[in-house]
Amino acid sequence: MLEQKFIRQQPEKIREGLMKRGGTSISVLNEFLSLDEKWRQLLIQSDGLKKERNQTSEQIGKLKKAGENTEEKQEEVRKINLKIKEIETELTNLENTLNQRLLFFPNIPHETVPSGKDASENQIIRTWGEKRKFNFPIKPHWEIGESLEILDQKRASKLSGPLFSLYTGTGAKLQRALIQFMLDFHVAKHGYKEIYPPYLVKREIMVGTGQLPKFEEDMYSCEKDDLFLIPTAEVPVTNLHRDEILNFEELPKYYVSYTACFRREAGAAGSETRGLKRLHQFDKVELVKLTNPEDSYQEHEKLLNDAEEILQVLNIPYRVLLLCAGDMGFSAAKCYDIEAWSPAEEKWLEVSSVSNFEAFQARRANIRFRRAPQEKPEFVHTLNGSGLALPRVMIAILENYQEEDGSVVVPEILRPYMGGRLKL
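Small disclaimer: the values here were computed from a predicted structure and weren't measured.

K.L.:
Tell me about the overall build of the protein, and please be specific about residues and values.
P.N.:
Looking only at helices and strands, the protein has 12 helices and 14 strands in total. Against the compact-globule benchmark of 22 Å for 424 residues, the protein has a radius of gyration of 28 Å, which places it well outside the compact range. Structurally, the protein occupies a C-alpha span of about 110 × 45 × 40 Å along its principal axes. Going through the 424 residues of the protein one by one, you find that 50% of them count as buried. Sequence-distant contacts, at least 24 apart, represent 73% of the contacts inside the protein between residues at least 6 apart. Across the protein, the 60 positively charged side chains and the 65 negatively charged ones have centroids separated by 1 Å.

Here is the structure:
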């Protein structure tokens, strides 16, 4: 969430940031500035009336001391009080409206974020690994999964409908192996603290990280309890310190969390809806950081490297993109995407988005820190990135490690988690 004072004082900077994102929220800005001006004028009017009331009350006191009639002045005070009450009601309504409007402002892109309208204008930062050259016809992951009897999409659809997955046998074991490996790696190698949070969260928790109110239609919810299924572990983990003031010495905080994730996916034609590419429910290992503002962009680069290392030790080719402003998520100030190589489709598939939200989420969730005991609290900066999302990592393993005889080699780093198994 942006700060009301900041929007008022630097509307052109906000306008420039919104234009960089595509300009879709300019009307929201114009309306907000108009409401904010009205709010300030009413505040001035209220303050003036209170001053007038105080002066009139002083006159009443003097008249009483002099033994004179005060009825006329008391009637003036009564009318002033009625007017003040009327204005204060309007001010409260305006404040509520302004606070709601603030929740619909996207974050302002960092100065290093390139302009651009969509994914076609993202910048390739680097590419890692060599694409494997196959000397036999290769198969897409869904055919491999079916032939090895480790994926059963038909029964998944029977249970839950389209865009759900079902792993069986060694497929389920490989899924568990990946999750455990990623958690162990981030804890032991990078010093993250593991968190296992609830999958259902309150409405205000979703507001805190920016999913609500703007994207409520995209979320799965339990209306009776007003609870939401998490779209990512970012939501509960970032909110761990909601309404808290941390000590400066506690920062940065590093958290890693495995959860299932629940999202409404519109889907697309053909291969987009086959296999594991687009799912309503999927597993993900998430990395979350809370840091002080001056270190957040250094921590952002470290977070990106932490996520990349997973693909490096799995020996899966990937590339890193710097997202342009028009392709960034609502809450992000800067975002990188990591994409793994799918040889069967000859496409790069996103396996992680690594974002710096600056104080945007912290202001919504009221997460602050204090540099010294007597100093004023400041908002932390929040960051997160997938470390990694499981479905497309599974795709990359099945397709990059497939053999001519239809088997799939287990990546060396995963073999201890698979009981020493060499192939699926």
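K.L.:
Let's hear about the packing of aromatic side chains: which residues, and what values?
P.N.:
Under the defined criterion, the tally for this structure stands at 12 aromatic pairs. Seen from their ring centres, Phe 181 and Phe 185 are 5.8 Å apart, and the 55° between their planes marks the pair as tilted. Of this pair, Phe 181 and Phe 185 both sit in helix α7 (residues 170–190), four residues apart, which is roughly one turn of that helix. The class for Phe 181 is buried, based on a relative accessible area of 2%. Given a relative accessible area of 14%, Phe 185 falls into the buried group. Relative to Tyr 199, the ring of Tyr 196 has its centre 6.0 Å away and its plane inclined at 65°; by these criteria the two rings are edge-to-face. The class of Tyr 196 is exposed, set by a relative accessible area of 59%. Of the residues examined, Tyr 199 reaches a relative accessible area of 23% and is grouped as partly exposed.

K.L.:
Break down the pairing of strand β14 (residues 381–389) for me, citing the residues and quoting the values.
P.N.:
Within β14, nine of the nine residues are buried, leaving the element largely enclosed by the surrounding structure. Inspection of the sheet shows strand β8 (residues 281–291) paired to β14 by seven bridges, in the antiparallel sense. Within β14, the residue paired with Val 288 across the bridge is Asn 384. Relative to β14, strand β11 (residues 347–356) runs antiparallel, the two being bridged by three bridges. Counted as the bridge partner of Asn 356 is Leu 383 from β14.

K.L.:
Could you give me a rundown of the sheet that holds strand β9 (residues 318–322), with the residues and numbers involved?
P.N.:
The eight strands lie next to each other as β1-β9-β10-β11-β14-β8-β7-β2, forming an open sheet whose pairing is mixed. Each edge of the open sheet carries a strand with a single partner, namely β1 (123–128) and β2 (193–195). If you compare each strand with its neighbour and ignore which way they point, the axes differ by 25° on average.

K.L.:
Got a sec to walk through unusual backbone geometry? Specific residues and values, please.
P.N.:
Of the consecutive residues Leu 212 and Pro 213, the connecting peptide bond is found in the cis state with omega at 5°. On the secondary structure map, Pro 213 appears in the loop between α8 (203–209) and β4 (221–222). Here the residue pair Gly 387 and Leu 388 is connected by a cis peptide bond, since its omega of 20° sits within 30 degrees of zero. If you trace the backbone, Leu 388 turns up in strand β14. Despite not being glycine, Leu 163 shows a phi value in the positive range, around 65°. For Leu 163, the location among the structural elements is in the loop between α6 (153–160) and α7. Classification of Leu 163 as buried rests on a relative accessible area of 13%. Unlike most non-glycine residues, Asn 315 shows phi in positive territory, near 60°. Note that Asn 315 resides in the loop between α10 (296–314) and β9.

K.L.:
So what's going on with the pattern of salt bridges? Residues and values would help.
P.N.:
Taken as a whole and assessed by the stated rule, the structure comprises 27 salt bridges. Among the ionic pairs, Glu 88 bridges to Lys 50, the shortest N-O distance being 3.2 Å. Note that Glu 88 is positioned in helix α4 (residues 71–102) and Lys 50 in helix α3 (residues 26–65), a separation of 38 residues in sequence. Residue classification places Lys 50 among the partly exposed residues on the basis of a relative accessible area of 28%. The closest approach of N and O atoms between Glu 286 and Lys 284, which form a salt bridge, is 2.4 Å.

K.L.:
Any details on α4? Residues and values, ideally.
P.N.:
Look at α4: 46 Å from first C-alpha to last across 32 residues, which is about the 46 Å you get at 1.5 Å a residue. Looking at α4, one finds that the buried residues are Val 77, Ile 80, Ile 84, Ile 87, Leu 91, Leu 94, Leu 98 and Leu 102. Among the structural elements, α1 (4–9) and α3 are those in contact with the buried residues of α4.

K.L.:
Tell me what's going on with the packing of α7 against α10, and back it up with residues and numbers.
P.N.:
Between α7 and α10, the shortest axis-to-axis distance is 11 Å and the interhelical angle comes to 125°. Judged by the inter-axis angle, α7 sits oblique to α10. Helix-helix and strand crossings are classified by hand; for α7 and α10 the assignment is right-handed. Two secondary-structure elements touch here, α7 through Leu 178, Phe 181, Met 182, Phe 185, His 186, Lys 189 and His 190 and α10 through Asp 306, Glu 309, Ile 310, Val 313 and Leu 314. Here the contact of α7 with α10 is composed, by residue class, of seven nonpolar, two polar and three charged.

What counts and how
- Residues numbered from 1 in each chain as written.
- Predicted model: local features only at pLDDT ≥ 70, side-chain atom pairs only at ≥ 80, totals over all residues.
- Heavy atoms only, no water.
- Helix = DSSP H or I, 4+ residues; strand = E, 2+ residues; numbered from the N terminus.
- Rg over C-alpha atoms; globule rule 2.2 N^0.38 Å.
- Buried < 20%, exposed > 50% of the residue type's maximum accessible area, 1.4 Å probe, protein only.
- Contact = heavy atoms within 4.5 Å.
- Lys, Arg positive; Asp, Glu negative; His and termini not counted.
- Charge placed at Lys NZ, Arg CZ, Asp CG, Glu CD.
- Phe/Tyr/Trp six-rings, centres within 6.5 Å; stacked < 30°, edge-to-face > 60°.
- Pairing = 2+ DSSP bridges.
- Axes fitted to C-alpha atoms, helices over the stretch in contact; angles between N-to-C directions.
- Salt bridge = Lys/Arg side-chain N within 4 Å of Asp/Glu carboxyl O.
- Expected span 1.5 Å × (residues − 1).
- Parallel < 35°, antiparallel > 145°, perpendicular 65-115°, else oblique.
- Left-handed = near helix turned anticlockwise from the far one by under 90°.
- Nonpolar A, V, L, I, M, F, W, Y, C, P; charged D, E, K, R; others polar.

Read these as layout, nothing more, since geometry by itself doesn't imply function.
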